[in-house]
Amino acid sequence: MGTPRAEVGGEGLVVGYVYSFEGSYLPDRVEVSLLANQEVYRGEYLCIRHPTLHSKHVFLQVETAYIRRPSASYEEKLVRDGIIRHDPEKITGKAVCWQVGYDDNGTIRPLLTPIPPMTPVYRPSEQALTSFLTAEGPSITVGRIYPTDIPIKIALKPLFRQGALVVGGVGTGKSTLLLSLMINILNSLNGMARILLIDWDGEYNSEQLRKAAEQAGGYVKVTASTRLARKKINLPAQEWYDRFRKTSAKTGQDKTMRTLYAVLKRMEEEGETSFEWSQETFSKILERVQLPDVKQELASLGSAVFTHVDEEGEDVISLVSSNALVHMDFADAQSWDEIINKTREALQACYLEARTNPAFGVIVVIDEAHNFVPQSIHEGAASREAYENMIPLMKLVATTGPRNGMPLFIATQRLSELDKFISTQMGQNIFAFRVEDVDLERLRNIMGSDIAYTARYLPRGYCLYKGHALKIQRPVILSVEKMGDVASVGKDLLTRLQNLLAK
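Small disclaimer: the values here were computed from a predicted structure and weren't measured. (Residues numbered from 1 in each chain as written. Predicted model: local features only at pLDDT ≥ 70, side-chain atom pairs only at ≥ 80, totals over all residues. Heavy atoms only, no water.)

## A closer look at the overall build of the protein chain
Next, step 1: Looking only at helices and strands, the protein chain features 15 helices and 20 strands.
Next, step 2: Based on the C-alpha atoms only, the size of the protein chain along its principal axes is roughly 95 × 65 × 55 Å.
Next, step 3: When contacts within the protein chain are restricted to residue pairs at least 6 apart in sequence, those whose partners lie at least 24 apart make up 72%.
Next, step 4: About 24,300 Å² of surface is accessible on the protein chain, with carbon and sulfur atoms providing 50% of the total.
Next, step 5: Within the protein chain, one finds 58 positive and 61 negative side-chain charges whose respective centroids are separated by 3 Å. (Helix = DSSP H or I, 4+ residues; strand = E, 2+ residues; numbered from the N terminus. Contact = heavy atoms within 4.5 Å. Areas by Shrake-Rupley, 256 points an atom, 1.4 Å probe, with all protein chains shown as cover. Lys, Arg positive; Asp, Glu negative; His and termini not counted. Charge placed at Lys NZ, Arg CZ, Asp CG, Glu CD.)

In structure tokens, the structure reads:
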């Protein structure tokens, strides 16, 4: 056949030819026989020349790469006896690919006709692959396409319109990616970025992140001990009652709760359409309670519920509006309930502001999201009551937050322990590092491709990305561009011991 030659028009070298062992040729599934000196890897992008639009390239993605070697019945006996005959002439490299499509003025269209046998298959040039993958508009570089040096750029508009989910086991690089995403966004938006970072253990106390935020418009840290101002809101009778009951940890069958519900409904029937969440409103409700013992118990509950509600504190909306990054560092928190409740207060305030103020917007970043919205609240780190208030809000923000200028960027090391509704909703832009086997099937369901199984053996710093921030809706393997170190780097036990020995 001779040496494969370089082609013009965006193709690189020929790596093989379309050839099906079974003899069937389809437009979507393409079987390729590789040249003797060529190899491909799962997830790699190849291309063919469009059969009629010769200036276009139809791209394929390798779903599976393997070696085929016809065997004879006697060969197993030879192997058993230790007689090894490699016979390289029998070995053929194979790749099963799925068609991705071709670029038609920015729109990816499929080739609808079968791809005939002996069609040359090329490894695309860097320029052709970059043009095919990269969406238009403002973008950030997150890494390089493995195993090339081609930068992978993801478009900010779809990323902000849908949010992002980062998954990966301990030490795989997910926190580094989240850090790099924030730094890239801060550096790219010319002082317009607004980020609210929920950092439960101080992992993001990064000098590089702080400097990027200061240069982009300001950095401020809020801790668990920081008092947040609570914006007064008006609620319907049912929502006011539900909020009071859940906050006071009472059941609907409790005598005090039945009395409270009856009073609120009576006031609603008299024309009250909404009730301010405040001590003042509660006092008006309490005046209508007739039974002394119930009134006394309600007063005691109300005192606990509305403690600090009317007190002055840091206004999270003002902090977000006047700083590029508000870092909520909860390393000093006494319990997970405190972390969850503080986070809920901040998210609720930002969401209400985003819904009513078109000039307000913020990216919310949460690491270890499975601790904030677990699949099972019985196995979560916080109390049932804390999760019953938090989970509905997180689902609301995940679904309607991005279109109201409040996208979520969340990370988790345990995908199977994250609420399935959240993971499915956030999976429209997903970065997947190496995961545990128990998390792999959900990852496969989100990505919709067997390429997801590549996540089992990705090295540290490498991930799969699939999402709408690229022009195509297929996974890409990339090596992450590191922009800084998280706080835990260099603090493991072995490093500490080595530092002691070096002194």
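## Details of the packing of helix H4 (residues 174–188) against helix H5 (residues 207–216)
Next, step 1: Relative orientation of the contacting elements H4 and H5 amounts to 20 degrees, with a least axis distance of 9 Å. By the angle between their directions, the pair H4 and H5 is classed as roughly parallel. Of the two possible hands of crossing, H4 and H5 adopt the one that is left-handed. Here Leu179, Met182, Ile183, Leu186 and Asn187 of H4 come into contact with H5, specifically with Gln208, Leu209, Ala212, Ala213 and Ala216.
Next, step 2: The class makeup of the residues in the contact of H4 with H5 is eight nonpolar, two polar and no charged. (Axes fitted to C-alpha atoms, helices over the stretch in contact; angles between N-to-C directions. Parallel < 35°, antiparallel > 145°, perpendicular 65-115°, else oblique. Left-handed = near helix turned anticlockwise from the far one by under 90°. Nonpolar A, V, L, I, M, F, W, Y, C, P; charged D, E, K, R; others polar.)

## Some thoughts on unusual backbone geometry
Next, step 1: Look at Asn105: it is not a glycine, yet its phi comes out positive at around 55 degrees.
Next, step 2: Position of Asn105 relative to the elements: it lies in the loop between strand E5 (92–104) and strand E6 (107–109).
Next, step 3: Judged by relative accessible area, which is 73%, Asn105 ranks as exposed.
Next, step 4: The backbone of Asn190 shows a phi angle near 50 degrees, a positive value even though the residue is not glycine.
Next, step 5: With respect to the helices and strands, Asn190 occurs in the loop between H4 and strand E11 (195–199). (Buried < 20%, exposed > 50% of the residue type's maximum accessible area, 1.4 Å probe, protein only.)

## Some details on the nonpolar core
Next, step 1: Among the nonpolar cores identified, the biggest contains 60 residues, and Leu196 and Leu443 are the most heavily contacted of them.
Next, step 2: Counting residues per element, this core draws most heavily on helix H11 (residues 336–356), which supplies nine residues.
Next, step 3: Not counting residues up to four positions away in its chain, the partners in contact with Leu196 are Val326, Met328, Ala346, Leu347, Cys350, Val362, Ile363, Val364 and Val365.
Next, step 4: Within the second largest apolar cluster, 54 residues are counted, among which are Phe132, Leu181, Ala193 and Ala411. (Core = buried A, V, L, I, M, F, W, Y, C linked by side-chain atoms within 4.5 Å.)

## Observations regarding the pattern of salt bridges
If charged atoms from side chains of opposite charge come close, those side chains can pair.
Next, step 1: Here the structure, examined in full by the defined rule, presents 24 salt bridges.
Next, step 2: With its nearest N and O atoms 3.4 Å apart, the salt bridge here joins Glu75 to Lys90. You can see Glu75 sitting in helix H1 (residues 75–80) and its partner Lys90 sitting in the loop between H1 and E5, a full 15 residues away along the chain.
Next, step 3: Assessed through its relative accessible area of 13%, Glu75 is described here as buried.
Next, step 4: Here Lys471 and Asp103 are joined by a salt bridge, their closest N and O atoms 2.8 Å apart. Of this pair, Lys471 sits in the loop between strand E19 (462–467) and strand E20 (476–480) while Asp103 sits in strand E5, placing them 368 residues apart in sequence. For the pair shown, Lys471 and Asp103 are each scored as buried.
Next, step 5: Three or more residues joined by partner-sharing salt bridges are found here, namely Arg69, Glu75, Asp87 and Lys90. (Salt bridge = Lys/Arg side-chain N within 4 Å of Asp/Glu carboxyl O.)

## Describing the packing of aromatic side chains
Next, step 1: Throughout the structure, instances matching the rule amount to eleven aromatic pairs.
Next, step 2: Where Phe160 meets Phe409, the ring centres are 6.5 Å apart and the plane angle is 45 degrees; that geometry is what we call tilted. Of this pair, Phe160 sits in helix H3 (residues 156–162) while Phe409 sits in strand E17 (residues 408–412), and the two are 249 residues apart along the sequence.
Next, step 3: Judged by centre distance (5.7 Å) and plane angle (10 degrees), the rings of Trp240 and Phe244 are stacked. Of this pair, Trp240 and Phe244 both sit in helix H6 (residues 237–247), four residues apart, roughly one helical turn. Phe244 shares its class with Trp240; the two are buried.
Next, step 4: A cation over an aromatic ring shows up here: Arg68 above the ring of Phe21, its NZ or CZ 3.5 Å from the ring centre.
Next, step 5: Here Arg243 stacks its cationic end above the ring of Trp277, 4.7 Å away from the centre of that ring. (Phe/Tyr/Trp six-rings, centres within 6.5 Å; stacked < 30°, edge-to-face > 60°. Lys NZ or Arg CZ within 6 Å of the ring centre and 35° of its normal.)

## Re the environment of Ala36
Next, step 1: Along the chain, the position of Ala36 falls in the loop between strand E2 (29–34) and strand E3 (45–49).
Next, step 2: Here the alpha-carbon distance between Ala36 and Asn205, two residues 169 residues apart in the chain, equals 51 Å.

## Brief notes about the sheet that holds E20
Next, step 1: Spatially, E9-E8-E20-E19-E18-E10-E17-E16-E11-E15-E12 is the arrangement adopted by the eleven strands of the open sheet, whose pairing is mixed. Two strands in the sheet have a free side with no partner beyond their single neighbour: strand E9 (151–155) and strand E12 (219–223). Sheet twist, expressed as the mean angle between neighbouring strand axes with direction ignored, is 25 degrees.
Next, step 2: Against the sheet, H4 touches strand E8 (139–145), E9, strand E10 (164–167), E11, strand E16 (363–366), E17, strand E18 (429–432) and E20, its axis set at about 140 degrees to E8.
Next, step 3: Those strands touched by helix H14 (residues 437–447) are E10, E18 and E19, and its axis lies near 145 degrees from that of E18. (Pairing = 2+ DSSP bridges.)

## Thoughts on H5
Next, step 1: Within the span of H5, buried status applies to Leu209, Ala212, Ala213 and Ala216. Buried residues of H5 fall within an arc of 100 degrees about the axis and therefore sit on the same side.
Next, step 2: Where H5 is buried, its residues touch H4, E11, E12 and strand E15 (325–329). (Arc of directions from axis to C-beta.)

## A closer look at a nonpolar patch on the surface
Next, step 1: On the surface, Leu493, Leu497 and Leu500 cluster together to form a nonpolar patch covering roughly 320 Å² of accessible area.
Next, step 2: Tracing the backbone through its elements, the reader meets Leu497 in helix H15 (residues 493–502).
Next, step 3: Judged by relative accessible area, which is 43%, Leu497 ranks as partly exposed. (Patch = residues over 30% accessible without salt bridge, like charges linked within 9 Å, V, L, I, M, F, W, Y side chains within 5 Å.)

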